[in-house]
Amino acid sequence: MIWEPVLAKFKELFGDEGDIRVYFAPGRVNMIGEHTDYNGGHVFPCALTIGTYGVARKRADKKLRFYSMNFENLGVLESSIENLKPEKEADWTNYPKGVIWAFGEKGMQVDTGLDLVLFGNIPNGSGLSSSASVEVLTGYILKDMFGFDVTNQDLALIGQYSENKFNGVNCGIMDQFAIAMGKAGHAIFLDTATLKYEYAPIKLENAKIVISCSNKKRGLGDSKYNERRAECESAFAQIGEVIGINSLGDLSEEQFEQYKDSIKDDVCQKRAKHAVYENERTIKAVEALKNNDVTTFGKLMNESHISLRDDYEVTGIELDTLVEEAWKIDGVIGSRMTGAGFGGCTVSIVKDDAVDTFIEKVGEAYKAKIGYAADFYVVEIGDGPSRLA
Ligand code: GLA
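Residues numbered from 1 in each chain as written. Predicted model: local features only at pLDDT ≥ 70, side-chain atom pairs only at ≥ 80, totals over all residues. Heavy atoms only, no water.

### Brief notes about the packing of helix 6 (residues 225-239) against helix 8 (residues 266-290)
Interaxial distance between helix 6 and helix 8 falls to 8 Å at its minimum, and their mutual angle equals 95 degrees. Put simply, helix 6 runs roughly perpendicular to helix 8. The segment helix 6 lies against helix 8, with R228, E231, C232, S234 and A235 engaging V267, C268, R271 and A272. Its residues assigned to classes, the contact of helix 6 with helix 8 comprises five nonpolar, one polar and three charged. (Axes fitted to C-alpha atoms, helices over the stretch in contact; angles between N-to-C directions. Helix = DSSP H or I, 4+ residues; strand = E, 2+ residues; numbered from the N terminus. Parallel < 35°, antiparallel > 145°, perpendicular 65-115°, else oblique. Contact = heavy atoms within 4.5 Å. Nonpolar A, V, L, I, M, F, W, Y, C, P; charged D, E, K, R; others polar.)

In structure tokens:
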């Protein structure tokens, strides 16, 4: 079991007495619907079988002791539940601390401390939501160990709240929702305006989901993520003056074309175009999948990438190289960047018998052009958070 060494590490650091519990929360990949979640549009992500393992024990005092097997050089990081402030710090413990703080803000005081050891097998900073995974995991641990009456959907909202208010990243709801609500073999078709959702089975006969990791690190905080959000808000304010809408996600392509000139700034107009067309693409893609039309789904993935490259401008040479090389391979049904962009990963649907060639050829071309290697993962769609032991 992957979690056994994590439990062993916990016992080595913190002793083996008391009620020690083991948990898991997944990472996520978004199939289509990028940069739509803070524009009131649709997304289509799924939880993965890779994620974050956590071993935890309640303490009798107010202390927090955290250790991550992914950042062993940092050692055990100690703090207190009483000192939690929404301020920026450099280390990963901001994520669990932010969630403990957010529970308090929502009227659920965590009254004693916690010992926690984490191990994640999601590549860090890859755009597969390692941070949202830690947030949902922490929320799940608090629910289970402290007995808070919250649903998994609440855990998603609390995770997002902590990311927005404690960590200062203005993310939408997609990542935490995909992780908290994950279901094996299914992606989640979520309307971010209403939080209505539906599970859609991903039946890829003779094909796999392959994630290509650019190894260009990024954190949402240091990316242009918040800037894109502000550009969309400005576009919405302008177009909203001529047509009554609650968000860009309310607009059809036709309405956008009719009213787009009310957005005076060209850059904001391009950002809004992406938000509107990507939302429509996501609805069409899910429809195609329901009709077992994976080919159309793949074409819409490709169009999504082009829009993220040309109109939203969040790709960059690393992601463009991975995708454009993928498109050259026979047996690739669709390929696009996934997540916030500016680095991180791409997601591709690849026919079974083309997977090896894909990894070899895209890998070679990437290294030749970018100067360092990409990593490839053939992934499975997994469930949401759970207690393992
Ligand atoms: C990040 C954010 C999400 C979403 C994506 C882009 O992953 O956390 O809320 O906005 O970027 O689709």
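Let us keep going from here.
### Digging into helix 11 (residues 355-370)
If you check helix 11, its first and last C-alpha atoms are 22 Å apart, about what 16 residues at 1.5 Å a residue would give, namely 22 Å. Of the residues flanking the end of helix 11, it is G371, one or two places downstream, whose phi is positive at about 100 degrees. (Expected span 1.5 Å × (residues − 1).)

### Thoughts on the packing of aromatic side chains
Using the criterion set out here, one finds 16 aromatic pairs in the structure. For the pair W101 and F166, a centre-to-centre distance of 5.5 Å together with 50 degrees between the ring planes defines the contact as tilted. Note that W101 is positioned in helix 2 (residues 94-105) and F166 in the loop between helix 4 (152-165) and helix 5 (174-180), a separation of 65 residues in sequence. With respect to burial, W101 and F166 carry one shared label: buried. Consider the rings of Y197 and Y199, whose centres lie 5.5 Å apart with planes at 80 degrees: the pair is edge-to-face. Y199 gets classed as partly exposed once you look at its relative accessible area, which sits at 26%. Through a chain of ring-to-ring contacts, three or more aromatic side chains come together here, namely F44, F189 and F297. Here the basic side chain of K106 rests over the ring of Y161, its NZ or CZ set 3.8 Å away from the ring centre. For the cation-ring pair, K183 lies above Y199, with the distance from its terminal atom to the ring centre recorded as 4.9 Å. (Phe/Tyr/Trp six-rings, centres within 6.5 Å; stacked < 30°, edge-to-face > 60°. Buried < 20%, exposed > 50% of the residue type's maximum accessible area, 1.4 Å probe, protein only. Lys NZ or Arg CZ within 6 Å of the ring centre and 35° of its normal.)

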